[in-house]
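Below are the chains, spelled out letter by letter.
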Amino acid sequence: RRVRQKTITCVREAVPDRGEAPNLLQRRVGSFGAMWEEAKLTSRVLPVVLILPVLLCAIFPRGAPFRKRVVAATAAGAFVVAAALFIGELALMRAEIAVARRIRTFALTDALANEAEHIGALLPFASAASICLSGFITFGTEVNPYAAS
């Protein structure tokens, strides 16, 4: 908890006060803690919420025969499982998209780094060529008076 608070404080101090941007950043960083607390609460409540439709269909309506309530409870359980699978697949989809973005960013960074290495490799050659040209010009300047006479 101290590390998170210290990080938020460092971010607040590092961002200069330029209108609304620092406040948005503070809200975004600060909301992570609230989201984490909400996730902890959800992990306690989620099993109860998931089993509730099954129990309600098994108990109500009271006047219906037991076999109909069992079928309704089974259908509710299947719906809950399908909803849980949908939520899981949605989270997996978002994670795969995030990983794909990171891989794409890495590929772009790698390509730019390779380009920089290529240009960096040409730099010593260009430097040597310019020194050679300077020497040739100096030689031509020194030989010119002898050629003119």
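Check the entry above for the structure.
Residues numbered from 1 in each chain as written. Predicted model: local features only at pLDDT ≥ 70, side-chain atom pairs only at ≥ 80, totals over all residues. Heavy atoms only, no water.

A. Inspection of the overall build of the protein chain at higher detail. Regarding its fold elements, the protein chain presents three helices and zero strands. Counting from the amino terminus, helix and strand elements in the protein chain follow one another as α-α-α. Counting over 149 residues, the protein chain shows a buried share of 6%. Accessible surface, the protein chain as shown: approximately 12700 Å² in total, 70% of it carbon and sulfur. (Helix = DSSP H or I, 4+ residues; strand = E, 2+ residues; numbered from the N terminus. Buried < 20%, exposed > 50% of the residue type's maximum accessible area, 1.4 Å probe, protein only. Areas by Shrake-Rupley, 256 points an atom, 1.4 Å probe, with all protein chains shown as cover.)

B. Structural detail: a nonpolar patch on the surface. Together, Ile51, Leu52, Leu55, Leu56, Ile59 and Phe60 make up a nonpolar patch on the protein surface, roughly 530 Å² of accessible area in all. Here Leu56 shows up in helix 2 (residues 21–59). (Patch = residues over 30% accessible without salt bridge, like charges linked within 9 Å, V, L, I, M, F, W, Y side chains within 5 Å. Salt bridge = Lys/Arg side-chain N within 4 Å of Asp/Glu carboxyl O.)

C. Examining the environment of Ala84 more closely. Mapped onto the fold, Ala84 is located in helix 3 (residues 66–148). On the basis of relative accessible area, Ala84 is assigned to the partly exposed category, the value being 39%. The spatial distance from the C-alpha of Ala84 to the C-alpha of Leu50 is 8.7 Å, given a sequence separation of 34 residues.

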